[in-house]
Amino acid sequence: MSKGILNYDVGSHVELYLLIKSSTKGTASNGKPFLTLILQDQSGEIEAKLWDASEEDEKSYAAQNIVKIQGDVQNYRGKSQLKIRQIRKTGPSDGVKLEDFLETAPLSQEEMVGKLTQYIFEMNNSNIQRITRHLIKKHQKAFLEYPAATKNHHEFVSGLAYHVVSMLDLAKALALLYPSLDRDLLYAGVILHDMGKVMELSGPISTVYTIEGNLLGHITIMINEIGKAAEELGIEGEEVLILQHLVLSHHGKAEWGSPKPPLIKEAEILHYIDNLDAKMNMLDRALERVKPGEFSERIFALDNRSFYKPVF
């Protein structure tokens, strides 16, 4: 495999294999159809336009197909874009396979399971522990494979679980600094807050929103899952309500997608931990592709800012 697409500088000519993450049809100002392709390999993803696209092109260059491309990396409105010169769909003789192009979490699934198990073991409240363990067991396979989002942060294979274990480590550090925090609630909130994404999203490859995801969203999905888990386990009490509130409020504000603002201390801290880990992931991934003394691409989810990488 050649070096990753995001390791090429603007102005570089490239000839390499890429996976089509998504393919969206549009119409140009001249009335001709085109395809917006999001292409990816293990280094990340880049956008490309295929102009004058035919119906055959639309079929050939659909999501999850692997293509060989010749083109040039250019800058478009502060972001890298691939200008296609030649493109073709690959076949068996190319000797490439899907997993060669998938970006994955830096921790193995086994390592992440070990961390999750330890944090659940450390819980003292049996009701909170049982509900959390029940839901992890119910959704474990998808939870360990799915991304945390379709874009912006942790949008890679096993990104959801990696986001959660990173947040758990943050939660533990904060609980040591602020002993008045209820660790059981904080750990459970971290583990459960985004678990609904295993039903909101389609899977780890060419991820899109499901019908349930579009109509309900991961927050509503998870509120129902916690309620069902409590019923199946015969658990009643305030813990169920508080766990649901943690999930319901973790986006922080109504304009950010939270049906309720945080109204308990642990819910407020959960929101900050979630926000911090997501932003650090965006920043790390943007800046790792930048040379010292240069600015990153604009990061839409961070107010469309470009970040500088210091030389020292």
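Residues numbered from 1 in each chain as written. Predicted model: local features only at pLDDT ≥ 70, side-chain atom pairs only at ≥ 80, totals over all residues. Heavy atoms only, no water.

### With respect to the environment of V208
Here is the rule: In this text, helices come from DSSP runs of H or I with a minimum length of four residues, and strands from runs of E with a minimum of two, each type numbered from the N-terminal end. Residues are treated as being in contact if the distance between any of their heavy atoms lies within 4.5 Å.
For V208, the location among the structural elements is in the loop between α6 (197-200) and α7 (211-215). Separated by 66 residues in sequence, V208 and A142 place their C-alpha atoms 15 Å apart. Beyond its immediate stretch of four places on either side in the chain, V208 contacts T150, E200, L201 and S202.

### Looking at the packing of aromatic side chains
Rules: Between the rings of Phe, Tyr and Trp (Trp by its six-membered ring), a pair exists once the centres lie within 6.5 Å; its type follows the angle of the planes, with under 30 degrees stacked, over 60 edge-to-face, and the other angles tilted. Whether a residue is buried, partly exposed or exposed follows from its accessible area with a 1.4 Å probe, protein chains only, as a fraction of its type maximum: under 20%, in between, or over 50%, in that order. Lysine and arginine charges are scored as sitting over a ring when NZ or CZ, respectively, is within 6 Å of the ring centre and within 35 degrees of the ring normal.
One pass over the structure, following the stated rule, counts 4 aromatic pairs. Residues F34 and W51 carry aromatic rings whose centres are separated by 5.0 Å and whose planes lie at 45 degrees to one another, so their mutual orientation is tilted. Of this pair, F34 sits in strand β2 (residues 33-41) while W51 sits in the loop between β3 (44-50) and α1 (55-60), and the two are 17 residues apart along the sequence. Judged by relative accessible area, which is 13%, F34 ranks as buried. Here the aromatic rings of F156 and Y162 are separated by 6.4 Å at their centres, their planes lie at 50 degrees, and the arrangement is tilted. In this arrangement the basic side chain of K3 is found over the ring face of Y8, its NZ or CZ atom lying 4.5 Å from the centre.

### Section: the sheet that holds β2
Heads up, the condition is: In short, DSSP must find at least two bridges between two strands for them to pair. Every angle, taken between N-to-C directions, lies between 0 and 180 degrees, and every axis is a line fitted to C-alpha atoms, over only the stretch in contact when it is a helix.
The mixed closed barrel is built from 5 strands, whose spatial order is β1-β2-β3-β5-β4. On average, each strand axis in the sheet is inclined to that of its neighbour by 50 degrees, with strand direction left out of account. The sheet contact formed by strand β4 (residues 66-76) and strand β5 (residues 79-89) spans 10 bridges and is antiparallel. In the sheet register, V73 faces β5, and the bridge partner there is L82.

### Examining the UniProt feature "domain: HD" (unreviewed entry) in the protein
Using the following cut-off: UniProt positions are given in the numbering used here, feature names are shortened, and annotations may be inferred rather than shown by experiment.
Under the feature "domain: HD" (unreviewed entry), the UniProt entry names residues 163-279. Taken as a whole, residues 163-279 contains 66% helix and 0% strand, while its terminal C-alpha atoms sit 11 Å from one another.

### A look at the side chain of Q244
Among the secondary structure elements, Q244 is positioned in helix α9 (residues 238-249). Not counting chain neighbours up to four residues away, the residues in contact with Q244 comprise I223, I226 and G227.

### Describing the pairing of β3
Of the two faces of β3, the one lined by G44, I46, A48 and L50 is fully buried and the one lined by E45, E47 and K49 carries no buried residue. Note that β2 and β3 share 7 bridges and pair antiparallel. Bridge pairing in β3 links L35 to L50. Here β2 hands over to β3 after 2 residues, the two strands then running antiparallel side by side. Here β3 runs beside β5; their pairing, made up of 3 bridges, is parallel. Within the sheet, the bridge partner assigned to E47 lies in β5 and is Q81.

### What about unusual backbone geometry?
One non-glycine residue, H154, lies in the positive phi region at around 50 degrees. Mapping H154 onto the fold places it in the loop between α3 (126-145) and α4 (159-177). Of note, the phi angle at S206 is positive, near 45 degrees, even though the residue is not glycine.

### Focus on the nonpolar core
What counts, and what does not: Put simply, buried Ala, Val, Leu, Ile, Met, Phe, Trp, Tyr and Cys residues joined by side-chain atoms within 4.5 Å make one nonpolar core.
Counting residues in each nonpolar core, the largest one holds 50 residues, and the members touching the most others are I131, F143, I191, L192, I226 and L243. Of all the elements in the fold, those that place two or more residues in this core are α2 (109-121), α3, α4, α5 (183-192), α8 (218-233), α9 and α10 (265-287). In this view, F143 contacts L116, I136, L160, A161, V164, I191, M195 and V198; residues no more than four positions away in its chain are not counted. By size, the runner-up hydrophobic cluster in this structure holds 21 residues, among which are I5, V14, L39 and V73.

### Things to note about a nonpolar patch on the surface
Quick reminder of the rule: A patch consists of residues whose relative accessible area exceeds 30% and which take part in no salt bridge; residues with like charges are grouped when within 9 Å of each other, and nonpolar side chains (Val, Leu, Ile, Met, Phe, Trp, Tyr) when within 5 Å. In these tables, accessible area is a Shrake-Rupley quantity obtained with a 1.4 Å probe, and a residue counts as shielded only by the protein chains included in the view. By convention in these notes, a salt bridge is any Lys or Arg side-chain nitrogen within 4 Å of a carboxyl oxygen on Asp or Glu.
On the surface, a nonpolar cluster with roughly 360 Å² of combined accessible area is contributed by I211, L215 and L216. Following the sequence through the fold, I211 ends up in helix α7.

### With respect to the pairing of β2
Taken across its 9 residues, β2 has 8 buried, putting it largely inside the fold. Bridge count between strand β1 (residues 13-27) and β2: 8 bridges; the pairing is antiparallel. Considered in β2, the bridge of T24 is made with T36.

### Some remarks on the packing of α3 against α8
Put simply, the test is: Oblique is the label for any angle not under 35 degrees, not over 145, and not in the 65 to 115 range, which are roughly parallel, roughly antiparallel and roughly perpendicular in turn. Left-handed describes a crossing in which the near helix is turned anticlockwise from the far one by less than a right angle; the clockwise case is right-handed. Gly is put with the polar residues, along with every residue not named as nonpolar or charged; the nonpolar set is Ala, Val, Leu, Ile, Met, Phe, Trp, Tyr, Cys and Pro, and the charged set is Asp, Glu, Lys and Arg.
Two numbers describe how α3 lies on α8: the axes approach to 10 Å, and their chain directions differ by 110 degrees. Regarding the angle of α3 to α8, the classification is roughly perpendicular. Between α3 and α8 the crossing geometry is right-handed. On α8, the residues touching R130, I131, H134, L135, K138 and H139 of α3 are M222, E225, I226, K228, A229, A230, E232 and L233. Along the lines of polarity and charge, the residues of the contact of α3 with α8 split into 7 nonpolar, 2 polar and 5 charged.

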